[in-house]
Amino acid sequence: MTEEYKVECIKCGARFSKEDVVYTCRKCGGLLDIKYDYSEIDVKRVVKAKGEGVWKYRVLLPFAEETKPVTINEGNTPLYRCDRLAKSGGVDDLWVKHEGLNPSGSFKDRGMTVGVTKAVELDVKGVACASTGNTSASLAIFAAKAGIPCYVMLPKGKVALGKVAQAMMHGAKVFSLRGNFDDALRIVRVLCEEEKLYLLNSVNPYRLEGQKTIAFEVAEKLGWKAPDRVILPVGNAGNISAIFKGFLELKTLGITDSIPKMTGIQAAGARPIVNAFEDGKAEITPEDKPETIASAIRIGNPVNAAKALFAIRDSDGVAESVTDDEITESQLELARLEGIGVEPASAASIAGLKKLVTLGEIDRDEKIVCITTGHLLKDPERVIKICEAPKEVDADVDVVRKMMKGHGLKM
Ligand code: F0G
């Protein structure tokens, strides 16, 4: 682990100490980043590291050697080569990293293992977050593991069933706010500041340190090479910023020699980053009423927009949006062509791939990695809505056989 690091504002360069509980710059309000002295990092300890998952890359995480992580074996998710999906999408070399196979069913576990380990180090009295669902589920689990009180703020009626169930089951105090995610985040930020709770939304730079390990795992699996492009859904815009940082670190350390084109996909009804990207702006205009079936990314005012826009532009990537119908079509295709079950937000990455190929933005021969961020079982109600209903039938062999014949059974 690397005890020597700085917490630095990306806008004005102001620095804060490791003991400071700070989420955005106290001088200018800018986002914060964890900075290491890369000349001090032993590259062999990155490429020859033993173990699995997030803590395998501990040499690039901000902790002292003796720190004991709060962990439930997060990370080490599969990277599947997807030839059937590639054919359907019009590309030759397509891979899917299924982050839905983390312990809680989403990539958030990577950020939470680091964030909650930091919370223990700071000896906080409790942790809190606003969430479209997955963040709250993951935080509830890690808080339970660490024995820390956990408070989560969810937009009422807007969170998929599986995610709420997780937060409740693991003992978080769940608040259902009459408002949207952006309202919930605004409120929890004030409460964390005033009540001295530790905020574990992705504005917390320690979260992103854990999530950057997605880049390390992808590069390692590809023989310590970066793919040409990484495509992922964008909501609060933390993950795209984190993965970009991971690839940047590998290049800075001389482990890889390129950065993938970071390609962020939003839903057509919640696309503030796409708008800013298309308008050439450095800042977003928040959307008051974000709407999409992909509830995880139903966000109108993404807190990490500045980092994400930099990541997309600096890597020569692109931001694009997809419709709810395109998301549903890709969700079904992933499930049926590749056996990968994801929630709607995750399918946005595949829908985005297809759209960008059609627009001529993506070349056929690129090596592409799509990140699927959350598991199918997170949102069971939606699955029931988009699939053919089970066929009710009498418990009789001949009656069942007859019905099966009517549904394609060949004799
Ligand atoms: N995919 C899923 C399944 C998510 O849950 C989220 C974010 C994203 C993509 C977008 O990631 O915010 O880093 O750009 N979910 C958050 C939550 C907002 O509260 O669970 P991002």
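That block above? That's the structure.
What counts and what doesn't
Residues numbered from 1 in each chain as written. Predicted model: local features only at pLDDT ≥ 70, side-chain atom pairs only at ≥ 80, totals over all residues. Heavy atoms only, no water. Pairing = 2+ DSSP bridges. Helix = DSSP H or I, 4+ residues; strand = E, 2+ residues; numbered from the N terminus. Axes fitted to C-alpha atoms, helices over the stretch in contact; angles between N-to-C directions. Contact = heavy atoms within 4.5 Å. Phe/Tyr/Trp six-rings, centres within 6.5 Å; stacked < 30°, edge-to-face > 60°. Buried < 20%, exposed > 50% of the residue type's maximum accessible area, 1.4 Å probe, protein only. Lys NZ or Arg CZ within 6 Å of the ring centre and 35° of its normal. Patch = residues over 30% accessible without salt bridge, like charges linked within 9 Å, V, L, I, M, F, W, Y side chains within 5 Å. Areas by Shrake-Rupley, 256 points an atom, 1.4 Å probe, with all protein chains shown as cover. Salt bridge = Lys/Arg side-chain N within 4 Å of Asp/Glu carboxyl O. Lys, Arg positive; Asp, Glu negative; His and termini not counted. Charge placed at Lys NZ, Arg CZ, Asp CG, Glu CD. Parallel < 35°, antiparallel > 145°, perpendicular 65-115°, else oblique. Left-handed = near helix turned anticlockwise from the far one by under 90°. Nonpolar A, V, L, I, M, F, W, Y, C, P; charged D, E, K, R; others polar. 1 Å grid on protein atoms, 1.4 Å probe; cavity = no way out; pocket = protein on both sides within 12 Å on 5 of 7 lines; lining within 4 Å. Points joined across faces, edges and corners; volume = space filled by probe spheres on them.

Student: When you look at the sheet that holds strand 13 (residues 367-372) in this model, what are you seeing that I'm missing?
Tutor: Neighbouring strands of a sheet are bound in pairs by backbone hydrogen bonds; such pairs are parallel or else antiparallel. The strand order across the open sheet built from six strands is 4-5-13-10-11-12, with neighbouring strands paired in mixed fashion. Of all the strands in the sheet, just strand 4 (79-81) and strand 12 (318-322) have a single pairing partner and so form its edges. Geometrically, the sheet is characterised by an average inter-axis angle of 25° between neighbouring strands, direction not taken into account. As paired elements, strand 4 and strand 5 (residues 93-98) share three bridges and run antiparallel to each other. By the bridge assignment, Arg-81 is partnered in strand 5 with Trp-95. Sheet strands in contact with helix 8 (residues 213-221) are strand 4, strand 5 and strand 13, and its direction is about 135° off that of strand 5.

Student: Can you help me understand the packing of aromatic side chains in this one?
Tutor: Aromatic ring pairs are described here by two measures, namely the spacing of the ring centres and the angle between the planes. Taken as a whole and judged by the stated rule, the model has seven aromatic pairs. With a centroid separation of 5.9 Å and an interplanar angle of 45°, the aromatic rings of Tyr-23 and Tyr-198 are classed as tilted. Linking Tyr-23 in the loop between strand 2 (15-16) and strand 3 (32-36) with Tyr-198 in strand 9 (residues 198-199), this pair joins segments that are 175 residues apart in sequence. Of the two residues, Tyr-23 and Tyr-198, neither departs from the other in class, the shared state being buried. Every member of this aromatic cluster is reached through a ring pair, and the members are Tyr-5, Tyr-36, Tyr-38 and Tyr-206. Positioned above the aromatic ring of Tyr-5, the side-chain terminus of Lys-18 is 5.2 Å from the ring centre.

Student: I would appreciate a short explanation of a negative patch on the surface in the present structure.
Tutor: A cluster of like negative charges, contributed by Glu-3, Glu-4, Asp-37, Glu-40 and Glu-66, occupies part of the molecular surface. Of note, Glu-4 is situated in the segment before strand 1 (5-9).

Student: Can you help me understand the packing of helix 9 (residues 238-252) against helix 11 (residues 305-314) in this one?
Tutor: Two quantities define a packed helix pair, namely the angle between the axes and the distance from one axis to the other. At their nearest, the axes of helix 9 and helix 11 sit 8 Å apart, and the two run at 50° to each other. With respect to their mutual orientation, helix 9 and helix 11 come out oblique. Pair helix 9 / helix 11 crosses with left-handed handedness. Along the contact surface, helix 9 presents Ile-240, Ser-241 and Phe-244, while helix 11 presents Lys-307, Ala-308, Phe-310, Ala-311, Ile-312 and Asp-314. Here the contact of helix 9 with helix 11 is built from residues that sort into six nonpolar, one polar and two charged.

Student: Please explain the pattern of salt bridges as it appears in this structure.
Tutor: A pair can form between side chains of opposite charge whenever their charged atoms are brought close. This model, assessed by the stated rule, comprises 26 salt bridges. Note that Glu-220 and Lys-56 form a salt bridge whose closest N and O atoms lie 3.1 Å from each other. Placement of the pair is Glu-220 in helix 8 and Lys-56 in the loop between helix 1 (43-47) and strand 4, with a sequence separation of 164 residues. The partly exposed category is assigned to Glu-220, whose relative accessible area is 23%. Owing to a relative accessible area of 16%, Lys-56 belongs among the buried residues under this scheme. Here Asp-92 and Arg-364 are joined by a salt bridge, their closest N and O atoms 3.0 Å apart. Taken as a pair, Asp-92 in the loop between helix 2 (83-89) and strand 5 and Arg-364 in the loop between helix 13 (344-358) and strand 13 lie far apart in primary sequence, 272 residues in all. We classify Asp-92 as partly exposed; its relative accessible area is 39%.

Student: Can you walk me through empty space enclosed by the protein in this structure?
Tutor: Over the atoms, a rolled probe matching the size of one water molecule traces out where space is still vacant. For the structure shown, the criterion picks out two cavities of 30 Å³ or more. Within this model, the largest cavity holds a volume of roughly 320 Å³. For the largest cavity, the lining is made up of 27 residues, of which Phe-107, Lys-108, Gly-235, Asn-236 and Ala-296 are closest to its centre. If you list the elements that add at least two residues to the lining of the largest cavity, you get helix 4 (134-146), helix 7 (205-211) and helix 9. Counted by class, the lining of the largest cavity contains 11 nonpolar, 13 polar and three charged residues. There is about 40 Å³ of room inside the second largest cavity. Partitioned by chemical class, the residues of the lining of the second largest cavity number six nonpolar, one polar and two charged.

Student: In this structure, what is going on with the environment of Phe-277? I would like to understand it.
Tutor: Relative to the helices and strands, Phe-277 resides in helix 10 (residues 272-278). When the C-alpha atoms of Phe-277 and Ser-346 are compared, they prove to be 21 Å apart, with 69 residues separating the residues in sequence. Excluding residues that lie within four positions of it along the chain, Phe-277 makes contacts with Leu-309, Ile-312, Arg-313, Gly-317, Val-318 and Ala-319.

Purely spatial values, then, with no claim about function.
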